[in-house]
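In case you want the letters, here they are:
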Amino acid sequence: MGRAVSDERPAAPLSSARILLVEDSFFILMELESALLDAGAEAVCCRTVGEALSTLEAQPVSAAVLDVQLDRETSESVADRLARQGIPFLFYTGEIEAAPIHDEWPKCKVLSKPAPRETIIAAVVDLLEG
């Protein structure tokens, strides 16, 4: 006996999406990856700006979730590249001072860490439906 699946909500709302995750904290990155995998997405994990930029050159992504502060650098150059390529992204940050982000990308969604898995998944779904 299996559970009945509701016709109202897809079991994997991010199925076939490839999501770039840029986060320097190993544990937060694993938490994000787990949430997106559970929602049916393929997660492409990067812990540095250089790694993220190389990934964007090597493979297409559907959307991205970016931490703002990555050790001693920011994800600004990754956001610039995503914007130029027309790839939707959001910021997932613990930075209280998010004003510079809003100055550069005023329409970009910003989620504060920590956010519930459901909030993260819903925000990525919104990006893709955008």
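Scroll up to find the structure.
Given the structure is predicted, the values throughout are model-derived calculations rather than measurements. (Residues numbered from 1 in each chain as written. Predicted model: local features only at pLDDT ≥ 70, side-chain atom pairs only at ≥ 80, totals over all residues. Heavy atoms only, no water.)

Asks: Give a description of the pattern of salt bridges that names residues and reports values.
Replies: Taken as a whole, this structure holds 5 salt bridges when the rule is applied. Between R18 and E42 there is a salt bridge, and its shortest N-O distance comes to 3.3 Å. Residue R18 is found in strand β1 (residues 18–22), and its partner E42 is found in strand β2 (residues 42–46); the two are separated by 24 residues along the sequence. The class for R18 is partly exposed, based on a relative accessible area of 23%. Bridged by salt links that share partners, the residues E23, D67 and K113 form one connected network. (Salt bridge = Lys/Arg side-chain N within 4 Å of Asp/Glu carboxyl O. Helix = DSSP H or I, 4+ residues; strand = E, 2+ residues; numbered from the N terminus. Buried < 20%, exposed > 50% of the residue type's maximum accessible area, 1.4 Å probe, protein only.)

Asks: Could you give an account of the nonpolar core, with specific residues and numbers?
Replies: Note on soluble globular proteins: their nonpolar side chains tend to be buried together. Residues L14, I19, L21, V65, L90 and Y92 are the most contacted members of the largest nonpolar core, which totals 23 residues. Put simply, the parts of the chain that give this core at least two residues each are β1, α1 (26–38), β3 (63–66), β6 (89–93) and α5 (117–129). The element contributing the most residues to this core is α5, with 6 residues. Once you skip the residues sitting within four places of it in the chain, V65 turns out to touch I19, L20, L21, V22, L32, L90, Y92 and V124. Core analysis: the next-biggest nonpolar cluster, separate from the first, contains 22 residues, V44, L56, V68 and C108 among them. (Core = buried A, V, L, I, M, F, W, Y, C linked by side-chain atoms within 4.5 Å. Contact = heavy atoms within 4.5 Å.)

Asks: Give a description of α1 that names residues and reports values.
Replies: At 3.6 residues per turn, the α-helix brings residues three or four places apart onto the same side. The end-to-end C-alpha distance of α1 is 18 Å, a good match for the 18 Å that 13 residues give at a rise of 1.5 Å each. Regarding α1, the residues found buried are L29, L32, A35 and L36. Mapping the buried residues of α1 onto a view down its axis gives an arc of 130°, with all of them on the same face. In α1, the exposed positions that point more than 90 degrees away from the buried face belong to F27 and D38. Those residues of α1 hidden inside the fold are in contact with β1, β2, β3, β6 and α5. Positioned one or two residues after α1, G40 has a phi angle of 95°, which is positive. (Expected span 1.5 Å × (residues − 1). Arc of directions from axis to C-beta.)

Asks: Pulling in residues and values, what's your account of the state of the cysteines?
Replies: As enumerated under the stated definition, the model contains 0 disulfides in all. Free cysteine C45: the closest other cysteine sulfur is in C46, separated by 7.4 Å. Relative accessible area serves as the criterion here: at 23%, C45 is assigned to the partly exposed category. (Disulfide = S-S within 2.5 Å.)

Asks: Any chance you could break down the packing of helix α2 (residues 49–58) against helix α3 (residues 76–85) for me, citing the residues and the numbers?
Replies: Running from amino to carboxyl end, α2 crosses α3 at an angle of 20°, the nearest separation of the two axes being 9 Å. In this view, α2 runs roughly parallel relative to α3, as classed from their interaxial angle. For α2 against α3, the interelement crossing comes out left-handed. Where α2 approaches α3, its residues V49, A52, L53, L56 and E57 are matched on the opposing element by S77, V78, R81, L82 and Q85. Of the residues that constitute the contact of α2 with α3, the class distribution is 6 nonpolar, 2 polar and 2 charged. (Axes fitted to C-alpha atoms, helices over the stretch in contact; angles between N-to-C directions. Parallel < 35°, antiparallel > 145°, perpendicular 65-115°, else oblique. Left-handed = near helix turned anticlockwise from the far one by under 90°. Nonpolar A, V, L, I, M, F, W, Y, C, P; charged D, E, K, R; others polar.)

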